[in-house]
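Listed below are the residues making up each chain.
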Amino acid sequence: SLNCSSTKMSVIEINGVLTLFDIDAAGKTTTNEGAVKLPIERKDCWNLVWSRDNPDLFACMEKSRMYVFRGHHPEEPVASSCYLCDFKDLCITACNLDAVMSEPDTYLRDNPEEGIVSFETKSLRDTKELLATTPMSEAYTFVEDNPHPRLWRLLAEAALEQLDFNVADKAFVRYQDYQGIQFVKRLKVMTSKDQQRAEVESYFNRFAEAERIYMQMDKRDLAISLRMRLGDWFRVVQLINSGGGNDDMIAKAWSNIGEYYADRQKWNKAKRYFTKAKNFEKVADCAYVVDDYETLTSLLNTVPEGTPWLKKLGQKFQSVGLCEEAVKAFLRFGDPKAAIDCCVLLNQWDLGVKLAEEHKFEQIQGLFSKYAT
């Protein structure tokens, strides 16, 4: 198998001997030979997996032990008989295939933690231990000596937890996380430690804790803003009703709750919340779906003249044969021609002639003659 950069190849012979070759060195030697055999050879090897994000890392199984190699140097072995599945972010995923095959239908369902196992490399374990027991500067030095994206991310997150923004900024730069860099910059300009802590809690998806900190700071507006960014409109309404926000916010919340129920085809509930938000266009859509023409008719007198969606409302009435209501909607929108066309389509000739005379629509006679024949 090849490593992630296709520069090295591993070969396990039938008798269990593992050999590595440097493909990238092919043709670069003085003898112009092919792939160069690396000075590493392991016996009794039966499984190997390369890291997906580091070309020098791989894990292999020897009898009932798992070795992780960084270059030519192995870490301390781990006792295991699992088959290696994946190696990414300094974590090896393995499957206890012998146990799974003994009960193929039920084992993974009943023993998910034993069927699929994860192993951490030594550098990852050491970094976690350093972050828990030593100053941040020592952990930074260790990660700098053993660089890997996973370790830089781990260091950046630990620095954020301790509100150490200088280390967090440098770690995000090394991790090449632009959003993280911008987040740290935004935190640095905040003057309140509590607000910084709340933003960090939000970054780690601990939103209830972030909201609690905002409420302790008497910053209800920030708590509302947080819930609005999350789309938790039910909680937004609760916070506004307990004292905070404004009419525009509550209207936006009601409208989004209406969208929530409309997406789930609970039209009556959606209509109720759209009505609270005074989102009459959405009220009309919901009422049309449930054949609530009484509500549709009441909207004709509620909505100001010239409102663009009055034309859509007229088309809704026209589609179900309610000619008078459709005509009224078209006229309030300011489109007498659409009103006349509706009368023609629904065979309301008297009303069509009346409208044509009122609005001096000269082509009506030719149109009536066409339909009469």
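First things first, this report covers the structure right here in the doc. The structure presented is a predicted model; accordingly, all values stated were derived computationally and were not measured.

Before going further, it helps to examine the overall build of the chain. Counting its secondary structure elements, the chain contains 21 helices and 11 strands. Computed over the C-alpha atoms, the radius of gyration of the chain is 35 Å, more than 25% above the 21 Å expected from 2.2 N^0.38 for a compact globule of 373 residues. With the C-alpha coordinates of the chain rotated into their principal frame, the extents come out at 100 × 60 × 50 Å. Residues counted as buried form 40% of the 373 residues belonging to the chain. Long-range contacts, defined here as pairs at least 24 residues apart, represent 37% of the contacts in the chain between residues at least 6 apart. Summing over all exposed atoms, the chain offers an accessible surface of approximately 20900 Å²; the carbon and sulfur share of this is 48%.

This part takes up the state of the cysteines. Inspection of the entire model under this criterion finds zero disulfides. Its sulfur unpaired, Cys-4 is 16 Å from the next cysteine sulfur, which belongs to Cys-91. Assessed through its relative accessible area of 39%, Cys-4 is described here as partly exposed. No disulfide involves Cys-82; its sulfur sits 7.2 Å from the nearest other cysteine sulfur, which is in Cys-95.

One can expect most non-glycine residues to show negative phi and most peptide bonds to be in trans. Not every positive phi belongs to a glycine, and Asp-44 is a case in point at roughly 55 degrees. Relative to the elements of secondary structure, Asp-44 occurs in the loop between strand E3 (36-42) and strand E4 (45-50). Residues other than glycine seldom take positive phi values, yet Asp-291 does so here, at roughly 60 degrees. If you trace the backbone, Asp-291 turns up in the loop between helix H15 (280-289) and helix H16 (293-302).

Attention shifts here to empty space enclosed by the protein. Under the criterion given, the structure shown has one cavity of 30 Å³ or more. Space inside the largest cavity adds up to approximately 30 Å³. Across the lining of the largest cavity, the residue classes break down as five nonpolar, two polar and two charged.

One open sheet holds the three strands; their spatial order is E1-E2-E3, and the pairing between them is antiparallel. Pairing within the sheet leaves two strands with one partner each, and these edge strands are strand E1 (8-12) and E3. Direction aside, the axes of adjacent strands within the sheet are offset by 20 degrees on average. Of the pairings in the sheet, the one linking E1 to strand E2 (residues 18-22) comprises five bridges and is antiparallel in character. The residue bridging Ile-12 from the neighbouring strand is Leu-18, located in E2.

With that settled, consider the environment of His-72. Tracing the sequence through the fold places His-72 in the loop between strand E6 (65-70) and strand E7 (73-74). Placed 237 residues apart in sequence, His-72 and Trp-309 show a C-alpha to C-alpha distance of 71 Å. His-72 has contacts with Leu-38, Pro-39 and Ile-40, leaving out every residue within four places of it along the chain.

Attention now moves to the side chain of Asn-3. You can see Asn-3 is positioned in the segment before E1. Judged by relative accessible area, Asn-3 falls into the buried class, the value being 4%.

We now examine the pairing of E4. Counting buried residues along E4, five of its six residues qualify, which places the element largely inside the surrounding structure. Of the strand pairs in this sheet, E4 and strand E5 (residues 57-62) are connected by five bridges, and their pairing is antiparallel. Among the inter-strand pairings, Leu-48 is bridged to a residue of E5, identified as Cys-60. Linking E4 back to E5 in an antiparallel pair, the connection comprises six residues.

The next thing to look at is the packing of helix H13 (residues 247-263) against helix H14 (residues 267-276). Relative to each other, H13 and H14 sit at 170 degrees, their axes nearing to 8 Å. With respect to each other, H13 and H14 are oriented roughly antiparallel. Of the two elements, H13 crosses H14, and the hand of that crossing is left-handed. Counting all contacts with H13, which are made through Trp-254, Ser-255, Ile-257, Gly-258, Glu-259, Tyr-261 and Ala-262, the residues of H14 involved are Trp-267, Lys-269, Ala-270, Tyr-273, Phe-274 and Lys-276.

A separate point is the pairing of strand E11 (residues 116-120). Residues of E11 alternate between two faces, with Val-117 and Phe-119 buried on one and Ile-116, Ser-118 and Glu-120 left unburied on the opposite face. Across five bridges, strand E10 (residues 91-95) lies against E11 in antiparallel orientation. Each residue of the ladder has a partner; that of Cys-95, found in E11, is Ile-116.

The next point concerns the nonpolar core. Val-236, Trp-254, Ile-257, Leu-296, Leu-299 and Leu-313 are the most contacted members of the largest nonpolar core, which has 49 residues in total. Here this core takes six residues from H13, the largest share from any one element. Look past the residues within four positions of Val-236 in its chain and what remains in contact with it is Ile-224, Arg-227, Met-228 and Ala-253. If you look at the next biggest cluster of nonpolar residues, it comprises 42 residues, including Phe-119, Leu-124, Ile-181 and Val-184.

Conventions adopted
- Residues numbered from 1 in each chain as written.
- Predicted model: local features only at pLDDT ≥ 70, side-chain atom pairs only at ≥ 80, totals over all residues.
- Heavy atoms only, no water.
- Helix = DSSP H or I, 4+ residues; strand = E, 2+ residues; numbered from the N terminus.
- Rg over C-alpha atoms; globule rule 2.2 N^0.38 Å.
- Buried < 20%, exposed > 50% of the residue type's maximum accessible area, 1.4 Å probe, protein only.
- Contact = heavy atoms within 4.5 Å.
- Areas by Shrake-Rupley, 256 points an atom, 1.4 Å probe, with all protein chains shown as cover.
- Disulfide = S-S within 2.5 Å.
- 1 Å grid on protein atoms, 1.4 Å probe; cavity = no way out; pocket = protein on both sides within 12 Å on 5 of 7 lines; lining within 4 Å.
- Points joined across faces, edges and corners; volume = space filled by probe spheres on them.
- Nonpolar A, V, L, I, M, F, W, Y, C, P; charged D, E, K, R; others polar.
- Pairing = 2+ DSSP bridges.
- Axes fitted to C-alpha atoms, helices over the stretch in contact; angles between N-to-C directions.
- Parallel < 35°, antiparallel > 145°, perpendicular 65-115°, else oblique.
- Left-handed = near helix turned anticlockwise from the far one by under 90°.
- Core = buried A, V, L, I, M, F, W, Y, C linked by side-chain atoms within 4.5 Å.

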